[in-house]
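# Examining the three-dimensional arrangement
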Amino acid sequence: MGATLRSILRQKKAVAGLIIVVGLWLMALLAPVIAPGEPGARVGRSHQPPSIEHVLGTTKMGRDVYRQFVWGARSSLSVGFATGIAITVIGTAIGLVAGYAGGKTDAALDLATNAVLVVPNMPLLILLASFAGTVGPMTIMTIIALTSWPWGARMTRSQTMALRNRDFVTASKMIGEPAWRIIFVEILPNLTPLIGINLVGSIIYAIVAQTTLEYLGFGDPLKVSWGTMLYNAQNASAIMVGAWWDVGVPAIGIALIGLGLALLNFTFDEIANPQLRSGPALTRWFRLTRARNRELEARR
């Protein structure tokens, strides 16, 4: 674990990604200090452009965009990270059990994984959200977590199956180590880069999925988030009237957190696939793309 952390911190893009992610989290945590007041309060005229008084302008309802952006980061980041962690925990647990146990247990869990995997994810999310009506952040988090774990489970299962026949696992079985200790002490540490890739990818997906659902009107309009900001801007025809800041500010926030997490994900990819570390960045990108294409073709 310590070696993996040192490998991450030696990568410039990982450090840049951490700065972006930590900076946005600090902004969200310090919202009462750096953006005091109620984010839903009317403080100015409709669609005022950025000025000294309102640095990021106002919405159609006269709400301060800067204040909404800072407070909205709390909901978007907390739902995204909590959902990503939940997806990773579920997928890793199922993948570990299926890959190590094998036999009927593996067959049953693999069947359940494939059953969820073949259903189009976003249409399913929209369908479930439409049945639930207007949903809050917790409901959105639950819906996303329960429908998005199979990809991580498949990856973890395949790697666990490759590790369970290694010499150090066989030696642990021969000396009578319990199965739980073999899984958590011998196998799990070797899956750290893979779990990191799954975690970061799940967080990115959760933030985008939450934003999509809220943009389509399934979120709680009384809860401020980047998704509801975009929904309100769309209803106010912000682009049509030239109020670019009403749309641009939350969009930039989503793009920044996506960039920060993507930089971390590239680093985890390089740790998990050492052959990607050599050569210029473009060459590494082509190698990564080819590897993923081969994996997708193999699954088909």
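Each remark here, short or long, concerns the structure printed above.
This section reports on the structure supplied with the text. Keep in mind it's a predicted model, so treat the numbers as computed, not measured.

The rules behind each value
- Residues numbered from 1 in each chain as written.
- Predicted model: local features only at pLDDT ≥ 70, side-chain atom pairs only at ≥ 80, totals over all residues.
- Heavy atoms only, no water.
- Helix = DSSP H or I, 4+ residues; strand = E, 2+ residues; numbered from the N terminus.
- Buried < 20%, exposed > 50% of the residue type's maximum accessible area, 1.4 Å probe, protein only.
- Contact = heavy atoms within 4.5 Å.
- Areas by Shrake-Rupley, 256 points an atom, 1.4 Å probe, with all protein chains shown as cover.
- Lys, Arg positive; Asp, Glu negative; His and termini not counted.
- Salt bridge = Lys/Arg side-chain N within 4 Å of Asp/Glu carboxyl O.
- Polar contact = N/O pair within 3.5 Å; in protein donor to acceptor, adjacent residues only side chain to side chain.
- Axes fitted to C-alpha atoms, helices over the stretch in contact; angles between N-to-C directions.
- Parallel < 35°, antiparallel > 145°, perpendicular 65-115°, else oblique.
- Left-handed = near helix turned anticlockwise from the far one by under 90°.
- Nonpolar A, V, L, I, M, F, W, Y, C, P; charged D, E, K, R; others polar.
- Expected span 1.5 Å × (residues − 1).
- Bend = angle between axes of the 7 residues up to and from the residue.
- Patch = residues over 30% accessible without salt bridge, like charges linked within 9 Å, V, L, I, M, F, W, Y side chains within 5 Å.
- Phe/Tyr/Trp six-rings, centres within 6.5 Å; stacked < 30°, edge-to-face > 60°.

To continue, consider the overall build of the protein. Scanning the protein from terminus to terminus reveals 14 helices and 0 strands. Walking the protein from its N terminus toward its C terminus, one meets helices and strands in the order α-α-α-α-α-α-α-α-α-α-α-α-α-α. Residue burial in the protein is summarised as follows: out of 300 residues, 41% are buried. Considering only intrachain contacts with a sequence separation of at least 6, the fraction spanning at least 24 residues in the protein is 72%. When the accessible area of the protein is evaluated, it comes to approximately 15500 Å², of which 67% is carbon and sulfur surface.

Looking now at the side chain of Asp 64. Examined against the element boundaries, Asp 64 turns out to sit in the loop between α3 (31-34) and α4 (65-101). Lacking a salt bridge, the buried Asp 64 has Arg 67 as its closest oppositely charged neighbour, with an N-O distance of 4.9 Å. One polar contact links the side chain of Asp 64 to the main-chain amide nitrogen of Tyr 66, over a distance of 3.3 Å. Polar contacts involving the side chain of Asp 64 include one to the main-chain amide nitrogen of Arg 67, which spans 2.8 Å. Excluding anything up to four places from it in sequence, Asp 64 contacts Ala 41, Val 43, His 54 and Gly 57.

Below, the discussion takes up the packing of helix α11 (residues 192-215) against helix α12 (residues 226-235). When two helices pack together, their arrangement is captured by the angle between the axes and the distance separating the axes. Where α11 contacts α12, the axes come no closer than 8 Å and their chain directions differ by 30°. For the element pair α11 / α12, the angle class is roughly parallel. Crossing of α11 against α12: the hand is right-handed. In contact with Thr 211, Glu 214 and Tyr 215 of α11, α12 contributes Gly 227, Thr 228, Leu 230, Tyr 231 and Gln 234. Partitioned by chemical class, the residues of the contact of α11 with α12 number 3 nonpolar, 4 polar and 1 charged.

A separate point is the side chain of Asn 265. Mapped onto the elements of the fold, Asn 265 is located in helix α13 (residues 244-272). Ignoring anything within four residues of it in the chain, the contact list for Asn 265 reads Ile 197, Val 200 and Gly 201.

Right, let's get into α4. For α4, with 37 residues, the first-to-last C-alpha span of 53 Å sits near the 54 Å given by 1.5 Å per residue. Taking the largest bend as the criterion, α4 deviates by roughly 30°, centred on Gly 72. The N-capping residue of α4, defined by a side-chain oxygen 3.3 Å from the backbone nitrogen of Tyr 66, is Asp 64.

It is worth spelling out unusual backbone geometry at this point. Of note, His 47 is a non-glycine position whose phi angle comes to about 50°, a positive value. Secondary-structure assignment places His 47 in the loop between α3 and α4. In the Ramachandran plot, Ser 237 falls in the positive-phi region, its phi being about 50° despite a non-glycine side chain.

Below, the discussion takes up a nonpolar patch on the surface. Together, Leu 18, Val 22, Leu 26, Leu 29, Leu 30, Val 33 and Ile 34 make up a nonpolar patch on the protein surface, roughly 600 Å² of accessible area in all. Sorting the residues of the nonpolar patch by element identifies α2 (12-29) and α3 as the ones contributing at least two each. Within the fold, Leu 26 resides in helix α2. According to the relative accessible area criterion, Leu 26 is partly exposed, its value standing at 45%.

With that settled, the discussion passes to the packing of aromatic side chains. Inspection of the entire model under this criterion finds 3 aromatic pairs. Consider the rings of Trp 25 and Phe 81, whose centres lie 5.3 Å apart with planes at 70°: the pair is edge-to-face. One end of the pair, Trp 25, is in helix α2; the other, Phe 81, is in helix α4, and 56 residues separate them in sequence. Ring centres of Phe 69 and Trp 226 lie 5.3 Å apart, and the angle between their planes is 10°; this geometry places the pair in the stacked category. Of this pair, Phe 69 sits in helix α4 while Trp 226 sits in helix α12, and the two are 157 residues apart along the sequence. For the pair Phe 69 and Trp 226, one class covers both residues: buried.

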